[in-house]
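Residue-level structure breakdown
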Amino acid sequence: MNIEELEKEKNEGIDSLPLQERRKFLKMGLSVTGVFLGGSVLSLTSISHASNQKNADMDIPAEGQYPYPKHYGMIMRQNRCVGCELCVEACKQTNHVPNDHGAWRTAIQEKITTENGSEKREFRPVLCNQCNRPPCVRVCPTKATYKDPETGIVVMDYKKCIGCKTCMAACPYNARYFNEEKYAIDKCNFCIDTRLAEGKKETACAAACPARVRIFGDLKDKSTEIYRLLHTPDSKIWVLRPDTGALPNVFYINA
Amino acid sequence: MTNNSLSAIFAETADPRLATPGMNRATIFFLIVTIVGLSCGVLAFIFGHHTIYNNTREMPWGMLISTYAFWAITSTGLCMYAAMSHVFGGTRMGMVSNRMVWMSIICIMGAFATIGVEIASPHRMLLYNIISPNPLSNIWWMGTLYGLAVGCMIIEFAGIVTGLGKLALVMGVFGALAEVLANSCLGGVFATLPARPYWYGAQLPIYFLTSAFLCGAAAAVLFNYLAYKIRDEKMSTSVHLAVKSAGKAMTLVLILYTVATFWRLVSFYVGGPELGRTAADALISGPLAINFWVLEVCIGLIIPIILIILSRLENMSMLAFAGFLILVGQFVARYDLVVAGQNVPQNLGWDNLPTHFSYVPSFFEFGVIAGSIGVVAFGFLMGERVFGKTFTQKEHH
Ligand code: SF4
Ligand code: SF4
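Just so we're clear, the structure is a prediction, and the values are computed from it rather than from any experiment.

1. Section: the packing of helix H11 (residues 274-284) of chain B against helix H12 (residues 289-311) of chain B
Residues and elements named next belong to chain B. For the pair H11 and H12, interaxial distance at closest approach is 5 Å and the crossing angle is 55°. As summarised for this structure, H11 and H12 are arranged oblique, according to the angle between their axes. The residues of H12 that touch H11, namely those facing Ala282, Leu283 and Ile284, are Ala289, Phe292, Trp293 and Glu296. Here the residues of the contact of H11 with H12 are counted per class, giving six nonpolar, no polar and one charged.

See below:
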């Protein structure tokens, strides 16, 4: 299904979503305003907007519930993506991603549908969601993958990775790969070592995107574009596979 | 312990009747199978695990993981039956419980051999499992508990052999506890992954435990039958009764397991996530259908039931053959479980992906499987040869 069709989908109503599920998103500063396609797509909006709804069972969390000083996330303005894959290339260069055995940190997924005889192409950028409740971190026997205490980014300590591949099985987003040079599992880390550490404000993929699809930033910083986009009232924001409870930090909108 | 006392012990336990050329040939054959098979796995450390095994980013686990689970589950089953008859006494299976302890150790060795060449960097595990443990990780608990279990069982077995009955009893209880918990964590490894609806859910750990009781009983029947077969000897009445009660347990659990399998599959078709249903489709009508219907259901469930009925639990060769078929079915069932959990693309509908990824184990993966069978067969024959008398003497407490 493409985005326009998705927007035409019937909102199944948040009542079908357990209260607990809604609370989880509240903890991230977002509230759920819609459920689509049997819960596989959620629409989210800012809490400030939700507070206007005066919905009794929506307790608004106080600021600072997110446990890390920084809260990095990314918004994909999905309908802008043209599938040029400059982001993929930039990532490979910047982060020395090997060229084979299915190694990639970010990818562009493509869907071709035919509608009234005409072909329709749709692109969806994906990468590690730096989940707030990352299954990969929970399952790792040796804490080789963990949430960076400063940024909440899910990072690797290669020397500790025993290569059991449980994290690959656990990730709902197929975000992890075997890095043969490191002989360990590897993944996107929002360029924490290759760019953020040097003071750059954007990931390589976000910087390389000619269509400005990828908006990267600190969700806690009210001056960032990502904050503004996430808190625009009535915008439809969704995440991938919300049903797995991983609480992703990569959001999708059409803008 | 001095050499003298060691050889005195072995003189007590060994079964010289098995020092025949035929036995020697069989033992050497399985030793070679072990060495050649596991060498396939050792090659992974030279050429890269990613090159010689057919696992991919999308399907990181394959036949080595399922075979590991199969041996580990069988080990748990054997160990539990042995511990129950040691602790509670009075069960007829007590008569053959020493053999079950030994085979439980051997089966877990088969499991360790398989996982040892599956994991990319086991040497890192030795260090970081200890200095950087993650108590939330099922894998950590599973590895630690199986390690503990095998330690306890080796001490238990040493106690049995040297006549230290109390020590053996206590260690047997700890070993069995560790095995059950480890088995549960093994189920939990799969059961706690919401990303994989085919695995996710509360049923799976119980399912694994049920399978342990099934495989344990089937292995008990089979190995005891073989133990007398290689000696070309008739079972004594008490051993016959022991194997018969193992057969009874096997029948009962076979029914439980069939029921559990039925409802497990039904549950995917009454609702729940699409990914789970599509995974179940792989077994019912997709790429795993032959595995499921022919090997899991016919060979692993239906024919054994018929054989058991025909044998009336008296005809030992028929019963043993049923046990063998059950083990074959369970081996395939573990494979299908591991594969079906991963072979539906998580982003189905994008990138023109097939409904099910195809996975065929590589030559080297088959090699490792053969190696693990070699480990168990070699261990069985060596056990009969070196500890044969211990296996048939009365219970040790
Ligand atoms: S997307 Fe996958 S790899 Fe990234 S944090 Fe979430 S579970 Fe881990
Ligand atoms: S493969 Fe490495 S990072 Fe992944 S769970 Fe195993 S030890 Fe942890």
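Alright, that's what it looks like, and here's the rest.
2. What to know about the packing of aromatic side chains
All names here are of chain B. What the rule picks out here adds up to 25 aromatic pairs over all chains. Plain terms: the ring middles of Trp61 and Phe190 are 5.5 Å apart, the flat faces sit at 70° to each other, and that makes the pair edge-to-face. Separated by 129 residues along the polypeptide, Trp61 in the loop between helix H3 (49-52) and helix H4 (63-88) and Phe190 in helix H8 (residues 165-191) bring together distant segments of the chain. Each of the two residues, Trp61 as well as Phe190, counts as buried. Taking 5.0 Å as the distance between ring centres and 20° as the angle between the ring planes, the aromatic pair formed by Tyr207 and Tyr257 counts as stacked. Residue Tyr207 is found in helix H9 (residues 203-231), and its partner Tyr257 is found in helix H10 (residues 237-269); the two are separated by 50 residues along the sequence.

3. Examining the site of ligand 1
The full set close to ligand 1 counts 14 residues, and A:Cys128, A:Asn129, A:Cys131, A:Cys136 and A:Cys171 are the nearest of them. Along the lines of polarity and charge, the residues of the shell around ligand 1 split into 10 nonpolar, two polar and two charged.

4. A few points about the site of ligand 2
As a structural note, the neighbourhood of ligand 2 is formed by A:Cys140, A:Pro141, A:Thr142, A:Ala144, A:Met156, A:Cys161, A:Ile162, A:Gly163, A:Cys164, A:Lys165, A:Cys167 and A:Ile185. Looking at the shell around ligand 2 residue by residue, the classes come out as nine nonpolar, two polar and one charged.

5. Overview of the environment of A:Cys84
All names here are of chain A. Relative to the assigned elements, Cys84 resides in the loop between strand E3 (72-77) and helix H4 (86-95). On the basis of relative accessibility, which here comes to 39%, the residue Cys84 falls in the partly exposed class. When the C-alpha atoms of Cys84 and Phe190 are compared, they prove to be 20 Å apart, with 106 residues separating the residues in sequence.

6. Considering unusual backbone geometry
Positive phi values are uncommon outside glycine, yet A:Arg212 reaches one of about 50°. Here A:Arg212 shows up in the loop between helix H7 (204-208) and strand E10 (214-218). According to the relative accessible area criterion, A:Arg212 is partly exposed, its value standing at 38%. With a phi angle near 55°, B:Asn352 is a residue other than glycine that sits in the positive phi range. Relative to the elements of secondary structure, B:Asn352 occurs in the loop between helix H13 (316-340) and helix H14 (363-392). By relative accessible area, B:Asn352 is classed as exposed at 77%.

7. Some points on the nonpolar core
Core analysis: the largest hydrophobic core is formed by 145 residues, its most contacted members being B:Phe157, B:Leu186, B:Phe190, B:Tyr198, B:Trp199 and B:Met250. Element by element, the count of residues in this core is highest for H9(B), at 16 residues. Apart from residues no more than four positions distant in its own chain, B:Phe190 is found in contact with B:Trp61, B:Ile65, B:Trp199, B:Tyr200, B:Leu204, B:Phe208 and B:Val338. Ranked by size, the runner-up nonpolar core spans 33 residues in total, among them A:Tyr72, A:Met74, A:Cys87 and A:Tyr173.

8. Notes on the confidence of the model for chain A
When pLDDT is averaged along chain A, the result is 83, and 75% of the positions lie at 70 or above. The least confident element of chain A, judged by mean pLDDT, is helix H3 (residues 47-53) of chain A at 40; the most confident is helix H6 (residues 166-170) of chain A at 98.

9. Some remarks on a nonpolar patch on the surface
All names here are of chain B. On the surface, a nonpolar cluster with roughly 640 Å² of combined accessible area is contributed by Met84, Val87, Phe88, Val170, Val173, Phe174 and Leu177. Every element with two or more residues in the nonpolar patch is listed here: H4 and H8. Here the element with the most residues in the nonpolar patch is H8; it accounts for four residues. Secondary-structure assignment places Leu177 in helix H8.

10. Quick notes on the interface of chain B and chain A
Contact residues are listed per partner, giving 43 residues for chain B and 45 residues for chain A. Here chain B and chain A share an interface that buries about 3600 Å² over both sides, 51% of which is from carbon and sulfur atoms. Counting the surface chain B buries against chain A, the share from its top three residues, B:His50, B:Arg57 and B:Trp350, is 26%. Where chain B packs against chain A, one counts one salt bridge. Only H3, helix H6 (122-131) and helix H7 (138-162) of chain B provide two or more residues apiece to the side of chain B that touches chain A. Per-element accounting of the side of chain B that touches chain A gives the leading share, five residues, to H6(B). Of the residues that constitute the side of chain B that touches chain A, the class distribution is 20 nonpolar, 17 polar and six charged.

What counts as what
Residues numbered from 1 in each chain as written. Chains lettered and ligands numbered in written order. Predicted model: local features only at pLDDT ≥ 70, side-chain atom pairs only at ≥ 80, totals over all residues. Heavy atoms only, no water. Axes fitted to C-alpha atoms, helices over the stretch in contact; angles between N-to-C directions. Helix = DSSP H or I, 4+ residues; strand = E, 2+ residues; numbered from the N terminus. Parallel < 35°, antiparallel > 145°, perpendicular 65-115°, else oblique. Contact = heavy atoms within 4.5 Å. Nonpolar A, V, L, I, M, F, W, Y, C, P; charged D, E, K, R; others polar. Phe/Tyr/Trp six-rings, centres within 6.5 Å; stacked < 30°, edge-to-face > 60°. Buried < 20%, exposed > 50% of the residue type's maximum accessible area, 1.4 Å probe, protein only. Near = heavy atom within 4 Å. Core = buried A, V, L, I, M, F, W, Y, C linked by side-chain atoms within 4.5 Å. pLDDT = per-residue confidence, 0-100. Patch = residues over 30% accessible without salt bridge, like charges linked within 9 Å, V, L, I, M, F, W, Y side chains within 5 Å. Areas by Shrake-Rupley, 256 points an atom, 1.4 Å probe, with all protein chains shown as cover. Salt bridge = Lys/Arg side-chain N within 4 Å of Asp/Glu carboxyl O. Buried area = accessible area lost by both parts, 1.4 Å probe.

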